Each structure stands twice: as structure tokens, then as C-alpha cells.
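Secondary and tertiary structure notes
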Amino acid sequence: MKALQVERIIKNFGDKTAVNGLSFEVSQGEIYGLLGANGAGKTTTMRMILGLILPDEGDIRYAGKAYSNEQLSMLGYLPEERGMYPKIKVSDQIIYLAQLRGMSRKDADQNLKRWLDKFQVPEYYNKKVEELSKGNQQKIQFIAAVIHNPRVLILDEAFSGLDPVNVELLKSTVKELRDGGTSIVFSTHRMEHVEELCRNITIMHKSNPVLQGPIKEIKKKFPQERVVVASEGDISGLENVAGVVNVLRHEHGGYELKVDDPQAGQRILQHALAQGPIKRFEVLEPTLNEIFIKTVGENHE
Amino acid sequence: MNNSLWTVLGFTVRNKLRSKAFIILTVILAVLLVVVGNLPYLIDKLGGGDKATKVGYAEGQQPAIVQGLKDYYAHLPEPAVELIAVKGSEQQLKDALEKGDISGYLAFDEPSEIPAGYFPKATYSSKSAFSGGTSSSLTAALQKIKTDKIIKDAGMTEEQKRQLSTPVSLATQKVSFSNEKGKTEEEQGMAIGLTYVMIILLFMSVMISGQLIATEITAEKSSRVMEIIVTSVSPLKQMWGKILGTFIVAMLQLVILVGALVINLLSPQNKDSLDKLGIDLSSIDPTLVVYAIGFYLAGFFLYATLFAAVGSIVSRTEDLGQAVLPITMLTLVGFYVAMFGLTHPDHILIQVCQYVPFFAPFLMFLRIGLSEPAWWEIVLSVGILFVSILAIGWLSAKIYRVGVLMYGKRPSVKEIVKAMRAYKV
């Protein structure tokens with residue numbers, strides 16, 4: 001039984017279609033990447049999963065069950081636009097939000113203290129949110145999303161606006177949650193985070209899912225078209241090797257080549273070896289970033 | 001899951017009660033009301049100890065009238081004016097006034113030719129043009145002297161004079177058709193007082209609490225806490241939790257304030273002063289109090305749901321004032337029509353407006369208190385009011401449901417209807 005199943009959901013706002021026939025599944029203990037340009041329909045999809053909006057067609061199931069009030073308490077949500085009550089103490093509002101999710105006051109209090117300790121900020125318990133820095137507010141917001149141990153967690157741009165240290169901290173926390181069995185729907189524009197965390201992804205473009213599946217498979221579909229080669233000295237004549245489209249010389253030595261033929265890599269290596277010893281040679285996989293730009297960009301008329 | 005309603009309610013109440021603004025406002029108002037509550041006593045104390053105004057006159061000018069004035073004030077238990085003789089002309093009087101020996105002076109004109117029955121013109125001069133109390137006292141005194149003089153000249157007997165000065169008696173009584181005996185003047189006065197107080201309280205409560213509810217919802221929206229809250233608890237419960245929470249806080253505040261006033265009014269030192277003013281709290285009709293509470297509740301919830309709905313469609317607190325303006329105008333119109341109705345409870349305007357649900361809490365109560373509406377009028381008005389509360393509550397909940405998720409510019413009615421269809425609420 002999948003923790004979250006989304007089947008062919010369609011949502012129209014008036015004449016505008018926000019989400020058109022999207023399906024995906026998230027297993028227990030999996031992070032699922034939901035990607036797309038701004039306005040592609042990600043937030044609408046998340047709102048439907050959260051039960052804020054009902055899909056016009058299609059079905060969303062939580063561990064096999066339809067949406068109901070009981071499902072509410074097993075959902076966690078970190079919205080893209082962050083916000084807390086600025087004038088209310090951290091403890092008061094987190095416990096309030098946890099209680100709304102059906103937790104008892106005592107459990108919520110315990111969990112909150114545990115999380116604050118984990119993020120090494122136990123002194124925030126009695127602070128007002130407006131007294132905290134933006135990054136720390138975000139930590140508190142993250143706690144608000146996970147305090148009730150949700151089975152399905154929806155993270156919309158979870159790491160935006162954080163410094164690298166805090167990104168690592170939250171990333172490792174997300175991984176721990178995943179290992180603990182939480183199913184996570186993850187949306188971001190930072191492709192390196194997706195590559196690191198997600199097993200399966202959907203790229204949405206203009207309300208339609210345009211690319212879906214495990215990241216590995218998706219990458220195989222895209223040709224390897226970048227080659228990096230570096231030696232002690234200069235390598236001349238690279239642009240004349242058959243199949244090379246473009247040569248880019250890096251500042252710190254080495255060349256990055258664009259090729260249109262998978263066999264070109266071998267020819268480049270031989271060409272370079274003929275001129276001396278090679279320090280580095282690599283045929284690069286396409287990055288998710290490239291795939292994203294290609295998928296979404298190509299569809300831009 | 002009714003727990004969540006209580007959670008929202010508790011959270012709202014707790015935060016309100018803890019907020020400094022609320023505590024300070026309540027304390028200030030309570031202190032003010034304690035002062036007001038003791039006002040009758042204070043006025044009595046301060047007024048009683050008031051010294052008579054010293055009024056100078058030029059010695060030798062119109063001795064007969066001056067003597068009359070002296071006699072007049074000598075007979076009063078608390079003379080407001082003390083006459084001081086100053087030697088010399090008007091210039092000396094002016095000097096005395098400047099030195100502060102007197103607060104003002106009287107001068108009479110002395111025409112060279114005195115026609116028959118002539119009474120000299122008097123001028124009262126003082127430092128401030130506004131010396132209403134003294135000048136009206138002097139006017140009354142001079143009037144009396146003039147009357148006495150004319151009566152004396154006419155040769156009336158003392159008996160006739162006495163009869164002439166006895167005031168006519170006119171007692172007003174309101175006819176009641178439901179009670180066997182009509183309301184006494186005192187009960188009527190208390191009814192007017194209670195109606196007045198109730199209208200002001202309702203108006204203030206609706207304005208203050210309504211604004212509070214709307215502001216809080218908009219603040220939640222603009223700080224985006226709303227997104228988390230609506231995913232945790234149904235909007236309907238959240239809205240009612242907030243309205244009820246604010247209601248409890250408003251009630252608490254009201255009880256504190258009214259309590260402060262009533263306790264002080266009832267305390268022994270105020271008893272005599274109140275009696276003197278003809279205020280007797282025990283003469284308030286208990287059924288009127290029941291109606292007051294009922295209409296207060298109805299008015300509160302009617303407007304609170306409206307404010308909640310408006311608060312939910314606004315994304316930024318800056319835009320809120322403009323958005324709630326129509327509701328504010330509605331309460332203002334209700335309030336002013338009610339103020340007009342205090343003196344004309346049976347005016348056709350009031351009779352029509354009493355069925356308009358937005359005005360009914362003000363006007364129907366006013367009519368019950370001050371007039372004798374037929375039973376069906378009350379039933380019809382309360383019925384319309386009750387149905388309206390349910391309808392507006394239902395509609396507000398729907399608007400709220402879609403409003404809380406709509407960001408950006410304030411949506412038009414058309415957009416809200418469209419969104420309602422899209423969200424299937």
C-alpha cells in the first residue's frame with residue numbers, strides 16, 4: 001500500500017486549467033520531487049493533497065483511504081510563504097498548531113522541547129517569533145510542520161533563505177524523517193537538493209506533467225553530451241574532432257566540450273592523448289538542472 | 001473533532017487576555033468608569049462647597065433693587081451670589097474686578113427721565129463672557145423683584161401672590177397595554193437610561209470586537225499562518241472559535257466595566273446623590289434586561305460574522321479599513337437612527353427599520369423599552385433577525401472558506417463567487 005496515491009487529478013479555475021491529469025505515488029519512507037517553473041501548478045497540487053481544494057476529477061488516497069478529517073492529523077505542511085504569529089511565544093503557537101492537529105498539550109510540549117534541542121536552540125522556547133532571525137523563524141516553522149509526527153509531509157521550498165550550515169542541518173533532518181518512514185512530497189527550484197534527496201520526480205510544465213519517473217531512468221533518456229578533458233598544457237584542435245559542437249575553456253585549465261554523438265568522447269580522448277598526458281577525462285551525465293531547463297525551456301513557445 | 005473549536009477558542013482568549021493593549025485599555029476604562037460612578041457624589045461634594053460668586057455693585061445705585069436682591073439671596077438656602085458694595089463709580093468696580101475682590105459687577109442704567117412702571121436695565125460684567133450660572137441666577141432674582149414690584153403696585157393680597165407663584169403641576173405617564181399599571185415616570189426614565197446605555201454598549205462592542213476579529217483574521221492571512229491553520233482545522237470551526245473567543249473576551253471586559261460602574265453607583269456614599277437625581281437602579285424592569293441581553297447577543301453575532309467574512313477576503317491589514325467601511329457605516333446608521341428614535345420611538349422610520357436585521361438589535365430593543373410594540377412586531381423582528389444571523393453566518397463561513405486562500409488584491413464579488421464554485425464550497 002502506497003502512503004500517498006494521486007490519480008489523474010484535474011483542477012480547473014474557471015476556464016484556466018491549473019493541474020491537468022497528474023498522477024504519482026509516494027511510498028513510505030520516500031522523498032518525491034515535484035518540480036516545475038513558477039505557476040506550473042505545484043502549489044495547487046499540494047493544496048489538493050492537503051484537502052484545501054477538491055480536485056475536479058481524479059482521486060487522492062492516503063494509505064489507501066480517501067480524504068477525511070482523520071487524515072488531517074497525519075499531514076504536515078511547510079508552506080512556501082513562511083509565516084507565524086509574530087507577537088506570540090514560540091511555545092504557545094507551536095503547541096497550538098500541534099493541538100489543532102490532534103495532539104495533546106503535554107505531548108506537543110515534549111516534542112517541541114525535543115526538536116528545539118535537536119536544532120540546538122532550546123532558548124527559543126519562551127521567545128516571541130518576531131525576536132528571531134529569518135533563518136531561525138524558518139527552523140521554528142519547520143518544527144511546526146513536523147511536530148505531530150505526520151505520515152505525509154509536504155515541503156514547499158523547505159530550504160530557501162537558509163545559510164549553507166542550516167541547509168545541511170535541515171537536509172539531514174529531512175533524511176532522518178524519511179528513514180523513519182515519513183513520505184515526503186518535496187518541491188524546490190534547487191535541483192542539486194532534488195538529486196540528493198529524491199528517488200522519483202515529476203516535472204510539471206503549464207499544468208501538465210511532462211516528465212515523470214526515477215531520476216536514474218530520466219537521466220538515461222537524455223544523451224550524455226558533455227565531456228570534460230584536462231591536461232598539463234593546452235590541447236589544440238579540439239573543435240575539429242568529429243561530433244564536437246562547442247568548446248569552452250575553463251579558467252583553471254581544462255576544457256568542457258559539447259558533443260552531439262556518444263562516440264565523440266572516445267575520439268576526443270585519443271586526440272588529447274596524442275598531445276600529451278591527460279590529467280582528467282570525464283563524460284558527464286546530464287544534470288537535473290539541464291534536464292529541467294531542457295524540458296521546460298523546450299516547451300516554451 | 002470538536003476539540004479543535006475549543007483549541008481555537010482557548011488560544012484566542014488566552015492571547016487576547018495576555019496582550020498588553022487589552023489589559024491597559026481595560027484598566028483605563030475601568031478607572032474612568034469608577035470616576036464616573038462616583039460622579040454624583042463628587043459633584044455633590046464639590047458643588048456643595050462652592051462659594052457664592054461675589055458680585056459688586058456701586059453703592060447708592062438703585063438702592064431698592066439692590067435691597068431686593070439682598071433679600072432674595074438671603075432667603076435661599078445656598079445663595080449663589082454674594083453682593084458686595086463698592087464705593088464710587090464704574091471705574092472703581094472695574095478696579096475691584098481686576099484685583100479679584102469681586103468676580104463681576106452689576107450696573108443699572110439711570111435714565112434722566114423715568115417713565116411710569118420703568119424697571120432699570122441691568123448689565124452684569126465679568127472677566128469671562130461665559131458666566132451662565134451667575135447671570136441666570138441674577139436674571140431670576142431680578143425677574144422676581146420686578147414681579148413683586150408690579151404685584152405690589154397692583155395691590156394684590158399676599159394670598160393672591162402666593163397662588164400666582166405656585167407652579168402648575170403636570171405629571172407624564174406612559175400607557176401600557178400589557179401591564180396592568182402603566183410605567184411610572186421613574187421607571188420610564190430608567191428605561192430610557194437603560195436603552196441609551198444598551199445602544200451605546202452594543203455599538204461599541206460591535207465596533208471594537210468586530211474590528212478585532214477582522215484584524216486578527218487578516219493578520220493571520222498576511223503572516224501566512226493561515227495556510228497552516230486551514231490545513232489543520234476546518235475553516236468553519238476556526239471562524240467560530242475566533243468569534244466565540246473574542247465574544248468571551250468582550251463579555252469579560254464588559255462585565256468588568258459595567259461591574260465597576262454599578263458597584264460604585266451602588267456604594268453607600270452615592271446613595272443620596274442618586275436619589276436626588278431620581279435614579280433608582282432597582283426600578284429597572286427585569287424583562288427589559290433580558291431583552292437587552294438577547295438583542296446584544298444577536299447584534300454581536302450578526303456583525304461579528306460579517307466582520308470575519310470581510311477580514312478573510314483582505315490580504316493585507318492596510319486594506320482592511322477600507323474593506324470594513326460598509327459594515328462600519330451600517331452600524332453607524334443603526335446607531336444614529338437609534339439615537340433619533342430615543343425621542344421618537346414610534347416614528348415611521350423606526351417602525352420600518354426595526355425589521356431590517358442590521359438595525360433590529362438597536363431599534364427593536366429601543367421600541368420595547370420606550371414604546372409599546374405589538375407582540376407580532378417583536379416576533380417578526382426577532383424572527384427576521386434570527387434567520388439573518390443564520391443566513392449571514394452561513395454565507396460568511398463560505399466566503400471565509402475561499403477568502404482565506406485568496407491572496408493578492410481584494411477580490412470582487414464576482415471573483416469570490418467564481419472561487420466558491422471552483423473550490424466547491
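Quantities reported herein were computed from a predicted structural model and do not represent experimental measurements. (Residues numbered from 1 in each chain as written. Chains lettered and ligands numbered in written order. Predicted model: local features only at pLDDT ≥ 70, side-chain atom pairs only at ≥ 80, totals over all residues. Heavy atoms only, no water.)

Quick look at the overall build of chain A now. Per the secondary structure count, chain A includes ten helices and 13 strands. For the C-alpha atoms alone, the extent of chain A along its principal axes is close to 75 × 45 × 35 Å. Looking at chain A as a whole, 52% of its 301 residues qualify as buried. Partitioning the contacts of chain A with sequence separation of at least 6, the portion at a separation of at least 24 is 68%. (Helix = DSSP H or I, 4+ residues; strand = E, 2+ residues; numbered from the N terminus. Buried < 20%, exposed > 50% of the residue type's maximum accessible area, 1.4 Å probe, protein only. Contact = heavy atoms within 4.5 Å.)

Of the regular secondary structure elements, chain B holds 17 helices and four strands. Relative to its 425 residues, chain B shows a buried fraction of 44%. Considering only residue pairs separated by 6 or more positions, chain B has 74% of its internal contacts joining residues 24 or more positions apart. Accessible surface, chain B as shown: approximately 23000 Å² in total, 66% of it carbon and sulfur. (Areas by Shrake-Rupley, 256 points an atom, 1.4 Å probe, with all protein chains shown as cover.)

One can find Gln143 of chain B in helix α6 (residues 132-154). Since its relative accessible area comes to 47%, Gln143 of chain B is described here as partly exposed.

Taken together, the contacts link 26 residues of chain B with 31 residues of chain A. Between chain B and chain A the total buried area reaches about 2700 Å² when both faces are included, carbon and sulfur atoms providing 60% of it. The interface formed by chain B and chain A holds two salt bridges in total. Notably, a salt bridge pairs Asp92 of chain A with Arg18 of chain B, separated by 2.6 Å at the nearest N-O pair. Where chain B touches chain A, the interface holds six residue pairs in polar contact (both at pLDDT 80 or more). Counting residues per element, the ones that place at least two in the side of chain B that touches chain A are α1 (3-18), α9 (225-232) and α17 (413-423) of chain B. Of the residues assigned to the side of chain B that touches chain A, the class counts are twelve nonpolar, six polar and eight charged. (Buried area = accessible area lost by both parts, 1.4 Å probe. Salt bridge = Lys/Arg side-chain N within 4 Å of Asp/Glu carboxyl O. Polar contact = N/O pair within 3.5 Å; in protein donor to acceptor, adjacent residues only side chain to side chain. Nonpolar A, V, L, I, M, F, W, Y, C, P; charged D, E, K, R; others polar.)

All right, on to the pattern of salt bridges then. A complete count under the given rule lists 24 salt bridges over all chains for this structure. Close ionic contact of Asp319 of chain B with Arg316 of chain B constitutes a salt bridge, the shortest N to O distance being 3.1 Å. A cluster of three or more residues bridged by salt bridges with shared partners is formed by Glu168, Lys171, Lys175 and Glu196 of chain A.

Residue and element names in this part refer to chain A. Taken together, the four strands give an open sheet; going across it, the order is β11-β12-β10-β13, and neighbouring strands pair in antiparallel fashion. Only two strands of the sheet have a single neighbouring strand rather than two, namely β11 (244-249) and β13 (278-284). Strand-to-strand, the axes of this sheet are offset by a mean angle of 15°, without reference to chain direction. Pairing of strand β10 (residues 226-231) with strand β12 (residues 255-259) involves four bridges; the strand directions are antiparallel. (Pairing = 2+ DSSP bridges. Axes fitted to C-alpha atoms, helices over the stretch in contact; angles between N-to-C directions.)

This next bit is on the UniProt feature "transmembrane region" (unreviewed entry) in chain B. Here, UniProt's "transmembrane region" (unreviewed entry) annotation points to residues 20-43, 191-214, 243-267, 288-314, 320-341, 348-368 and 374-397 of chain B. For residues 374-397 of chain B, the end-to-end C-alpha separation is 35 Å, with 96% helix and 0% strand making up the annotated structure. (UniProt positions renumbered as here; feature names shortened; annotations may be inferred.)

A few words now on the nonpolar core. Residues Leu4, Phe24, Ile49 and Ile60 of chain A together with Leu363 of chain B are the most contacted members of the largest nonpolar core, which totals 94 residues. Looking at this core, the element that brings in the most residues is helix α12 (residues 286-313) of chain B, giving 16 residues. Those residues in contact with Ile49 of chain A, other than ones at most four positions away along the chain, are Leu4, Val6, Phe24, Ile60, Tyr62, Leu75 and Ile154 of chain A. Judged by nonpolar contacts, the second largest core, of 62 residues, contains Leu78, Leu100, Leu132 and Ile201 of chain A. (Core = buried A, V, L, I, M, F, W, Y, C linked by side-chain atoms within 4.5 Å.)

Quick look at the sheet that holds strand β3 (residues 104-108) of chain B now. Residue and element names in this part refer to chain B. Spatially, β2-β1-β3-β4 is the arrangement adopted by the four strands of the open sheet, whose pairing is mixed. Looking at the sheet topology across the chains shown, the edges are occupied by β2 (81-86) and β4 (122-126). Between one strand axis and the next, the sheet turns through 30° on average, direction left out of account. Here strand β1 (residues 53-58) pairs with β2 via six bridges, running parallel. Looking at the pairing, Thr53 lines up with Val81 of β2.

For the rest of this paragraph, the subject is helix α6 (residues 164-179) of chain A. All names here are of chain A. Look at α6: 22 Å from first C-alpha to last across 16 residues, which is about the 22 Å you get at 1.5 Å a residue. Residues Asn166, Val167, Leu170, Lys171, Thr173, Val174 and Leu177 constitute the buried set of α6. What you see down the axis of α6 is that its buried residues fit within an arc of 160°, all on one side. Exposed side chains of α6 directed beyond 90 degrees from the buried face belong to Pro164, Val165 and Asp179. Residues of α6 that are buried make contact with β3 (31-36), α4 (105-118), α5 (134-146), β6 (152-156), β7 (183-187) and α7 (191-197). For α6, the side-chain oxygen to backbone nitrogen distance between the N-cap and Val165 is 2.9 Å, and the N-cap itself is Asp163. Downstream of α6 by one or two residues, Gly181 has phi in the positive range, about 105°. (Expected span 1.5 Å × (residues − 1). Arc of directions from axis to C-beta.)

Once that is clear, we can look at a nonpolar patch on the surface. All names here are of chain B. Nonpolar side chains collect at one region of the surface, where Ile23, Val27, Val31, Val35, Val36, Leu39, Leu42 and Ile43 lie side by side and expose about 640 Å² of accessible area between them. Elements that contribute at least two residues to the nonpolar patch include exactly α2 (20-37) and α3 (39-48). If you trace the backbone, Val36 turns up in helix α2. (Patch = residues over 30% accessible without salt bridge, like charges linked within 9 Å, V, L, I, M, F, W, Y side chains within 5 Å.)

Segmentation of chain B into domains returns domain 1 (52-158) and domain 2 (184-420). Taking only C-alpha atoms, the centre of domain 1 of chain B and the centre of domain 2 of chain B are 55 Å apart. (Domains from an automatic or database assignment.)

With respect to the helices, strands and loops of the structure, Ser312 of chain B is situated in helix α12. Not counting residues up to four positions away in its chain, the partners in contact with Ser312 of chain B are Ile217, Lys221, Ile399, Tyr400, Gly403 and Val404 of chain B.

The next point concerns the packing of aromatic side chains. Residues and elements named next belong to chain B. On inspection of all chains with the given rule, the structure shows 19 aromatic pairs over all chains. Look at Tyr291 and Phe295: their rings are 6.3 Å apart centre to centre, the planes differ by 25°, and that puts the pair in the stacked class. With Tyr291 and Phe295 both in helix α12 and four residues apart, the pair spans about one turn of that helix. What makes Tyr291 partly exposed here is its relative accessible area of 30%. Given a relative accessible area of 4%, Phe295 falls into the buried group. (Phe/Tyr/Trp six-rings, centres within 6.5 Å; stacked < 30°, edge-to-face > 60°.)

This part takes up the domain arrangement of chain A. One can read the domain layout of chain A as domain 1 (2-219) and domain 2 (223-284). Computed from C-alpha atoms alone, the centre-to-centre distance between domain 1 of chain A and domain 2 of chain A is 43 Å.

Looking now at unusual backbone geometry. Unlike most non-glycine residues, Ala63 of chain A shows phi in positive territory, near 50°. Secondary-structure assignment places Ala63 of chain A in the loop between β4 (57-62) and α2 (69-72).

Further remarks concern the packing of helix α3 (residues 90-100) of chain A against α4 of chain A. Residue and element names in this part refer to chain A. The geometry of α3 relative to α4 is characterised by a closest axis approach of 9 Å and an angle of 125° between their N-to-C directions. Judged on the interaxial angle alone, α4 and α3 are oblique. Note on packing geometry: the crossing formed by α3 with α4 is right-handed. On α4, the residues that touch Ser91, Ile94, Ile95, Ala98 and Gln99 of α3 are Arg105, Ala108, Asp109 and Leu112. Here the residues of the contact of α3 with α4 sort into five nonpolar, two polar and two charged. (Parallel < 35°, antiparallel > 145°, perpendicular 65-115°, else oblique. Left-handed = near helix turned anticlockwise from the far one by under 90°.)

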